[in-house]
Amino acid sequence: MEKKKNREWLLLVSIICVAANLRAPITAVGPLIASMRESMPFSSGVLGLLTTIPLVMFAVISPFVRKLSDALGAGKTLLYSVCIIALGIVLRSYANVGGLFAGTVLLGIGIAVGNVLVPGVIKARFPQRVGLGTSAFTLSMTALAALASAVSYPLSKLPGVGWRNALAVWFGLALVGILAWWPNRALITRAQAQKLDDAPQQPRAESAEEQRSVFRSPMAWWLTLLMGAQSFLFYFFTAWLPTIAQFRGVSPETAGYIAFAYQLSTIPAAFVIPTVAARLKDQRSVI
């Protein structure tokens, strides 16, 4: 029993290390847009694509993550996703203009996979502690996202750093995620294990009905609309709040701190709400 608890805690720590990579590489960009514009032949609008492209990748990649995970296993798929994030960070900083956007695409792909898989792993591996696991997941994402907004600009102004190295710093965080998740590379969710065990006996009609039910569910479509609107608001402010603040006469460093405060304000809800929601039979009132 003690060994099982230790394994669960180690898995939770690994999840936290992976989750830390799912926002910070994006939120680090906003405070640096003005600096990037000075050294690159692009307008702020074009550079704003650096926070928009990952969202497009979320929409494009997310529907295929489950099939990919079923084929490779959740552990390997998640490991590969963090490796892709690490590669994207390097390309974005050091592979000139083409790499700036290609690296951002890779970042979006890796983060999209993590967005889909990590909650599924939590639900499968911590069925009695879904609220705690989800709180730890969202808290690590939010905290590192806020930190990235706060330190990006001051870091870029250190001697010999610049915006490229300031963005590349997050490669270190990706490396931590890879090393932390490596022992879990063979992990599969209970659902995947059951599928492997029961595949010969499981009726195909049942599986097909499962697939159809999501797309035919009004609740699923309403949740999609809700989460889309929520994500739009979050990423809009993440991308443009520092620029808006600078336009109003605020210094770039202070603008980064404003973005930091904005994201920091979401941490209490990110920590408390999943735990509360997991105990409620009806979560509509919380939403």
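Residues numbered from 1 in each chain as written. Predicted model: local features only at pLDDT ≥ 70, side-chain atom pairs only at ≥ 80, totals over all residues. Heavy atoms only, no water.

S.K.: A description of the pattern of salt bridges should follow, citing residues and the corresponding values.
M.R.: Counted according to the given criterion, the structure contains two salt bridges. Note that Glu8 is salt-bridged to Arg129, the shortest N-O span being 3.2 Å. Residue Glu8 is located in helix H1 (residues 2-19), and its partner Arg129 is located in the loop between helix H7 (96-125) and helix H8 (130-156); the two are separated by 121 residues in the primary sequence. Judged by relative accessible area, Arg129 falls into the partly exposed class, the value being 39%. Here Asp282 and Arg284 are joined by a salt bridge, their closest N and O atoms 2.6 Å apart. Judged by its relative accessible area of 38%, Asp282 is partly exposed. With relative accessibility at 61%, the residue Arg284 sits in the exposed group. (Salt bridge = Lys/Arg side-chain N within 4 Å of Asp/Glu carboxyl O. Helix = DSSP H or I, 4+ residues; strand = E, 2+ residues; numbered from the N terminus. Buried < 20%, exposed > 50% of the residue type's maximum accessible area, 1.4 Å probe, protein only.)

S.K.: So, H8: which residues are in play, and what are the values?
M.R.: Under the 1.5 Å per step criterion, the end-to-end length of H8 is 38 Å for 27 residues, consistent within 8% with the ideal 39 Å. Along H8, the largest kink reaches about 30° and is centred on Ala150; proline Pro154 follows within four residues of it. (Expected span 1.5 Å × (residues − 1). Bend = angle between axes of the 7 residues up to and from the residue.)

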